[in-house]
Amino acid sequence: MSCNTCSTGKDGQPKGCKNNGTCGTDSCNKLTVFDWLANMTLPNGQEPFNWVEVRFKNGRKHYYKNTENLTLSIGDIVATQAEYGHDIGMVTLTGELVRVQMKRKKVSETDPEFFKIYRKASQKDIDIWSDARDLEEPMKVKARQFAIDLKLHMKISDIEYQGDGSKATFYYTAEERVDFRELIKLFAKEFKTRIEMKQVGFRQEASRLGGIGSCGRELCCSTWLTDFRSVSTSAARYQQLSLNPLKLAGQCGKLKCCLNYELDTYLDALKDFPKTEIKLYTEKGTAVCQKTDIFKGHMWYAYEGEWMNWHLITTAQANEIIALNKEKKKPASLEEYAVELIKDTKSEYENVVGQDSLTRFDSPKHNKKRKSNNRKGNRPPNRAKATNKDAQAKDGNRPKANKPKPRNRPKPRKETVNKDTNTNIKAGANKPNKPNKRRKPQGKKNDSNDAK
C-alpha cells in the first residue's frame, strides 16, 4: 500500500514525499479508509458532520469534535486535546464517513466527556513532535535493559511520546502480572518525563509492529483487521488441517486469525455430512468412517477387521444407509454403493501448442560412458570364468579378492656399517665387486696342510 508519490525510482530509493509515514494522502499507512464521498456535495441546508478521525503512531485512531469549525482535510496536522497537555496527530477522515466509523466502533456522539481539536499544528508544534519521535528508539533500548536488570518477566515492545513531549507511554506484553513500581521510578529518573505503562496482548503487539506473514503479504492485523476474535483448534479440525503448531501459529505466537475466515463455509458444507462416529451396519460387517472429502462430498469406509480395504461412497449414500439402520434394516454390503464410483482416472493430455511430452523425464537416460568403454575393449568377464568362481565358492574355496596393485614407489635406501672403519655406508654407494664363485672356507685348507 503506497501512494504514487512514494513509489520507488530507478535506483530502488523512494522518490516521493519521504515523510516516512506522514504523507499528505495517507495512503501508505496502516488501517487507512478511502473517502469515497469526498467529491460529493451535501444537500442544501445540511451542515457537515463536525467530528474528525485523527490517527497517531502505529495506526492508533481517535475521534475528536471540531468545536472551532476549522476547515480540515485529510492529511492536515492538528493539535488535539489530551488528558494532560495536547497531542499531535494527522487527520485521516472527515465528513459523513466519520459518522459511519463511529457507529461501527460504538463511539457516542453525545458523550459529554469528548475531546476536541484545538488548532492546526504550527511549525513549532511539529518540530517538538518530530524531536520526541526521534527519542523513542534509543529510549526503548535502555528501557529493555532496565527490565532485564530487575529480572522482570515482561517485554517492552514499543514506546509512544505525546505530541508535546510531556508523557511517554510504554507498551509491554507479559504472560503474568508484573510489579513494575521500581521500573517506573528508574524510568522517571532516567528519562525525566511522565511515564505510563500499558499492557497489550500479543496480537495487539503484532498489529502495532507489523510484519510479513507466511502467505507473503502484510499482516492482516496491521493493515485492515481491527477486531481480534478468539481462534481455537476446532477451527483447524473442521477444515481438516494438520495440528502442527509451527504452521498454525502466527508471528504473535497465537493461532492465525485467518483460520476463522472460511470456517463458516466449512460448517455449512459439513451439515450434509453424517457424523464420523456413526457406524454403518451391513450384512457383510460393520463399517467405520476413515476419511472425508468436503469439496467432493465423498466418504471412505472400511470394515472392522479389513482396515486396508477402503470403500468410497457419497454423503447421500451414507445417509441412506444410516436411515436404513434406524429402521433396523441392513444392506447387503458397501460394494453395492461403492461400485458406482469406480472410474478410470487416467487422462490423456493432447499436445496442442507443440510442447514437449509431459513424460519426457520419466524414462531413464542411458550412460554414454559405458558404450565408449565397451568399444575400447573393456568387455565384461567371460561367463565361463564366472561359473568356475561360483563352483569354487560352493566347494568352500572362496575366490581371492581383486586387490588393487601397489604403486611403484622408490624403495628407501638402507645404511650398512663398515666394521673396519665404523662408518655408515649408504646402500648402492662404493660397493665392492663380489666374485661370482663362492669362496672356499679357509679353515679346512689349514687343517689339511697341518695334516700333511
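One numbering rule holds for all chains: residues counted from 1, following each sequence as written. Only residues with pLDDT of 70 or above have their local features reported here, since the model is predicted, and side-chain atom pairs are shown and tallied only from 80 upward, although totals for entire chains, interfaces and linings are computed over all residues. Note: side-chain values were computed over all heavy atoms of the structure, leaving out hydrogens and water.

Engineer: I'd like to hear about the sheet that holds strand β10 (residues 286–293), residue by residue, with values.
Structural biologist: If you trace the four strands from one edge of the open sheet to the other, you get β9-β10-β11-β12, paired in antiparallel fashion. This sheet does not close on itself; its edge strands, each paired only once, are β9 (280–281) and β12 (306–314). Alignment of β10 against strand β11 (residues 298–303), held across six bridges, turns out to be antiparallel. Directly across from Lys291, in β11, lies its bridge partner Trp300. Whether two residues are in contact is decided by their heavy atoms: any pair within 4.5 Å suffices. Note on geometry: axes are C-alpha line fits, over the in-contact stretch for helices, and angles between N-to-C directions span 0 to 180 degrees. Counting from the N terminus, the helices are the DSSP runs of H or I reaching at least four residues and the strands are the DSSP runs of E reaching at least two. Of the strands in this sheet, β9, β11 and β12 are in contact with helix α10 (residues 315–326), which crosses β12 at around 105 degrees. In this analysis, strands are considered paired if DSSP registers two or more bridges between them.

Engineer: An account of helix α4 (residues 181–191) is needed here, citing residue identities and associated values.
Structural biologist: Within the sequence span of α4, burial applies to Leu183, Phe187 and Phe191. Down the axis of α4, the sector holding all buried residues measures 40 degrees, keeping them to one side. Opposite the buried face of α4, by more than 90 degrees, sit the exposed residues Arg181, Lys185 and Lys189. Each element contacted by the buried residues of α4 is listed here: α3 (136–149), β6 (155–161), β7 (167–173) and β8 (194–199). Directly beyond the C-terminal end of α4, a positive phi value near 55 degrees is found at Lys192. Three labels apply to residues, based on accessible area from a 1.4 Å probe with only protein chains included: buried if under 20% of the type maximum, exposed if over 50%, partly exposed otherwise in between. This arc is built from the directions going out from the helix axis to the C-beta atoms.

Engineer: Run through the confidence of the model for the chain, naming residues and quoting values.
Structural biologist: A residue-level look at the chain finds 68% of positions with pLDDT of 70 or above and a mean pLDDT of 77. Per residue, pLDDT captures the predictor's confidence, and it can take any value from 0 to 100. Residue range residues 419–423 is modelled with pLDDT below 50. Its contacts to residues more than four positions away, or to other chains, number four contacts. Predicted confidence for residues 444–452 stays below pLDDT 50, and this span has one contact to residues more than four positions away or in other chains.

Engineer: Explain the sheet that holds strand β5 (residues 117–120) residue by residue, including any values.
Structural biologist: In spatial order, the strands read β2-β1-β4-β3-β5; together these five strands make up an open sheet with antiparallel pairing. Of all the strands in the sheet, just β2 (61–65) and β5 have a single pairing partner and so form its edges. Across the sheet, the mean angle from the axis of one strand to that of its neighbour is 45 degrees, orientation sign disregarded. Direction of pairing for strand β1 (residues 51–55) relative to β2: antiparallel, over a ladder of five bridges. For Arg55, the partnering residue across the bridge sits in β2 and is Lys61. On the sheet, helix α1 (residues 96–104) packs against β1, β2 and β4 (86–93) and is oriented at approximately 70 degrees with respect to β1. Docked against the sheet, helix α2 (residues 123–134) engages β3 (77–81), β4 and β5, running at close to 100 degrees with respect to β4.

Engineer: Tell me what's going on with the pattern of salt bridges, and back it up with residues and numbers.
Structural biologist: For this analysis, a salt bridge means a side-chain nitrogen from Lys or Arg found within 4 Å of a carboxyl oxygen belonging to Asp or Glu. Here the structure, examined in full by the defined rule, presents 23 salt bridges. Lys57 is the partner of Glu136 in a salt bridge, and the nearest nitrogen-oxygen pair spans 2.6 Å. Note that Glu136 is positioned in helix α3 and Lys57 in the loop between β1 and β2, a separation of 79 residues in sequence. Overall, Glu136 belongs to the buried group, its relative accessible area being 5%.

Engineer: Any chance you could break down the packing of α3 against α4 for me, citing the residues and the numbers?
Structural biologist: When two helices pack together, you describe them by how their axes are tilted relative to each other and by the distance separating the axes. Where α3 meets α4, the axes come as close as 10 Å, and the angle between the chain directions of the two elements is 145 degrees. Here the hand of the crossing between α3 and α4 comes out right-handed. Of the residues in α4, those in contact with Met139, Lys142, Ala143, Phe146 and Ala147 of α3 are Leu183, Phe187, Glu190 and Phe191. Lys, Arg, Asp and Glu make up the charged group, whereas Ala, Val, Leu, Ile, Met, Phe, Trp, Tyr, Cys and Pro make up the nonpolar group; the residues left over, Gly among them, are polar. Of the residues in the contact of α3 with α4, the class split is seven nonpolar, no polar and two charged. With the far helix as reference, a near helix turned anticlockwise by less than a right angle produces a left-handed crossing, and one turned clockwise produces a right-handed crossing.

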